[in-house]
Amino acid sequence: MANFMDKLFGSGSKGATDADEYTELDLGKFEQEMADEPAETYIRVAELTNLNELPGLKKEVYDGNILMIDISNIKADKLMLDRALKDLKDVVIDVHGDIAGIKDDQVLVTPTGVKIDRSKIVGGRY
């Protein structure tokens, strides 16, 4: 029974086999291999600080990319925030994409053919 408990919870002392079983992954080589391959859709991360940045963000959606936009810098200006969200919603309607708020400071914007599922996955189930 003690052997079973040691396997389940560990014996408290680290053996030489633990170090042999551990392998550090260098993800840099995978990123390098993937960087050379073009993709149809990219997930772009952006920060919205003023309305002058909206044309570039809208172009990204029209180009078929998914945007994760940090809106924390414009949240204090209610008028600017409302204008920016209205412009992004208009683009989403135009391309038949989707838009959703994530937490308080982020907005996810998707292009044609990508919808945001608003139900949360809990324990592998919806």
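Everything below is about the structure shown above.
Residues numbered from 1 in each chain as written. Predicted model: local features only at pLDDT ≥ 70, side-chain atom pairs only at ≥ 80, totals over all residues. Heavy atoms only, no water.

This brings us to the pairing of strand E4 (residues 106-110). Burial analysis of E4 places four of its five residues in the buried class, the great majority of the element. Of the strand pairs in this sheet, strand E2 (residues 66-70) and E4 are connected by four bridges, and their pairing is antiparallel. Opposite Asp 70, over in E4, you have Gln 106 as the bridge partner. Bridge count for strand E3 (residues 98-102) against E4 is five bridges, and the pairing is antiparallel. Residue Ala 100 lies in a different strand from E4, and its bridge partner there is Leu 108. Taken together, E3 and the strand that follows it, E4, pair antiparallel across an intervening segment of three residues, in which Lys 103 is found at a positive phi of about 55°. (Buried < 20%, exposed > 50% of the residue type's maximum accessible area, 1.4 Å probe, protein only. Helix = DSSP H or I, 4+ residues; strand = E, 2+ residues; numbered from the N terminus. Pairing = 2+ DSSP bridges.)

We now examine the packing of aromatic side chains. Across all of its chains, the model carries zero aromatic pairs by this definition. Above the face of the Tyr 42 ring, Arg 44 is positioned so that its terminal group lies 4.8 Å from the ring centre. (Phe/Tyr/Trp six-rings, centres within 6.5 Å; stacked < 30°, edge-to-face > 60°. Lys NZ or Arg CZ within 6 Å of the ring centre and 35° of its normal.)

Read across the open sheet, the four strands follow the order E1-E2-E4-E3; overall the sheet is mixed. Of all the strands in the sheet, just strand E1 (43-47) and E3 have a single pairing partner and so form its edges. Recorded for the sheet is a direction-independent mean angle of 20° between the axes of neighbouring strands. Along the sheet, helix H4 (residues 54-62) contacts E1, E2 and E4; its crossing angle with E2, the most-contacted strand, is approximately 155°. (Axes fitted to C-alpha atoms, helices over the stretch in contact; angles between N-to-C directions. Contact = heavy atoms within 4.5 Å.)

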